[in-house]
Amino acid sequence: MNPPLAHQPIGVFDSGLGGLTVLQALRARLPGEDFIYFADTRHLPYGDKPESFIQARSQAIAAALAARGAKAVVVACNTATAAAAELVRASIPKPVVALEPAVKPAAALTKSGVLGVLATTRTLTSQRFAHLVKTYAHHLTVLPQACPGLAEAIETEGPQSASVERLLDTYVPPLAHAGVDVVVLGCTHYPWVKEGIAARLPSGVTLVDTGEAVARQVERRLMSEAGLGGHGQLQLATSGDPARVRHTIARLCGVSMHVERWDIR
Ligand code: DGL
């Protein structure tokens, strides 16, 4: 027999392990909930892939999470949200919470009127992002900085690797020179390199990410829909090599976790 709806897990997914930064905020806010986290590592990065590919993957992953009993699905990836949030919402009969670059809170914080947004190419060229800027930051200077290669380098080589340092040296200083006082971390992988980003900006520049806001939104949705309940358990799965993913999680989070392989087509 299935457990009652409130006691079923929350499904969370990303192209890889960036969404773990969102999962951390979710588990901090909702410690009694059970989570299933799926990393689509085999297809990382999403940021340079065609929109149709990300749409197909996002829908298939959401369906797989729902089929494994998820009472709600969190799209812990800005790129997947930009390409597929509405399609995911339409494809499963569960609450779906998606995230997008924190342009709205950043617009409320800036004093210089110049905002930087670090994200993937796919996110920054999406209609959704254009709409976000038009709605909340039309009166400000918004500097979108695409960071090709960064999410992949964080995951495959590590947050402190020479490749990550090189990429940060390319992407961050132009924002500093343009006078930003707020920078949006518009990809869930980037909080893993927050210190490296901050070190390349003048002190006093605020970095904004979305983890906590998403956790609050998930809590609200569950309270009014599926309900809260669980045992604080976490299950991890990947489309890639579980041993590799386990190694990357150990490097990022300092814990050794069991990782399953799921074939999602
Ligand atoms: N973590 C993802 C995001 O929030 C994307 C990384 C990628 O696969 O390119 O946009």
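The text that follows walks through the structure, step by step, so that each part is easy to find.

With respect to the nonpolar core
Consideration 1: Judged by nonpolar contacts, the single largest core of 52 residues is most densely connected at Ile197 and Leu201.
Consideration 2: With near-sequence residues (within four places) excluded, Leu201 lies in contact with Val172, Leu175, Ala176, Val180, Val183 and Leu207.
Consideration 3: Listed in part, the 26 residues of the second largest apolar core include Ile54, Ala70, Ala84 and Trp262.

Examining the sheet that holds strand E9 (residues 234-238)
Consideration 1: Strands sit in the order E4-E3-E1-E2-E9-E10 across an open sheet of six strands; the sheet is parallel. Single-partner strands in this sheet number two, and they are strand E4 (96-98) and strand E10 (259-261). Strand-to-strand twist across the sheet, computed as the mean angle between neighbouring axes with direction ignored, equals 20°.
Consideration 2: The sheet contact formed by strand E1 (residues 10-14) and strand E2 (residues 35-39) spans five bridges and is parallel. Each bridged residue has a counterpart across the sheet, and for Ile10 the counterpart in E2 is Phe35.
Consideration 3: Lying on the sheet, helix H1 (residues 20-29) is in contact with E1, E2, strand E3 (72-75) and E9; it crosses E2 at an angle near 170°.
Consideration 4: With respect to the sheet, helix H3 (residues 78-91) is in contact with E1, E3 and E4, its orientation differing from that of E4 by roughly 165°.

A look at the packing of aromatic side chains
Consideration 1: Throughout the structure, instances matching the rule amount to one aromatic pair.
Consideration 2: With 5.6 Å between their ring centres and 20° between their planes, Phe38 and Trp262 make a pair best called stacked. Of the two residues, Phe38 is situated in strand E2 and Trp262 in the segment after E10; the sequence distance between them amounts to 224 residues.
Consideration 3: Overall, Phe38 belongs to the buried group, its relative accessible area being 0%.
Consideration 4: Note that Arg68 overlies the ring of Trp262, its terminal NZ or CZ placed 3.7 Å from the centroid.

What counts, and at which threshold
Residues numbered from 1 in each chain as written. Predicted model: local features only at pLDDT ≥ 70, side-chain atom pairs only at ≥ 80, totals over all residues. Heavy atoms only, no water. Core = buried A, V, L, I, M, F, W, Y, C linked by side-chain atoms within 4.5 Å. Buried < 20%, exposed > 50% of the residue type's maximum accessible area, 1.4 Å probe, protein only. Contact = heavy atoms within 4.5 Å. Pairing = 2+ DSSP bridges. Helix = DSSP H or I, 4+ residues; strand = E, 2+ residues; numbered from the N terminus. Axes fitted to C-alpha atoms, helices over the stretch in contact; angles between N-to-C directions. Phe/Tyr/Trp six-rings, centres within 6.5 Å; stacked < 30°, edge-to-face > 60°. Lys NZ or Arg CZ within 6 Å of the ring centre and 35° of its normal.

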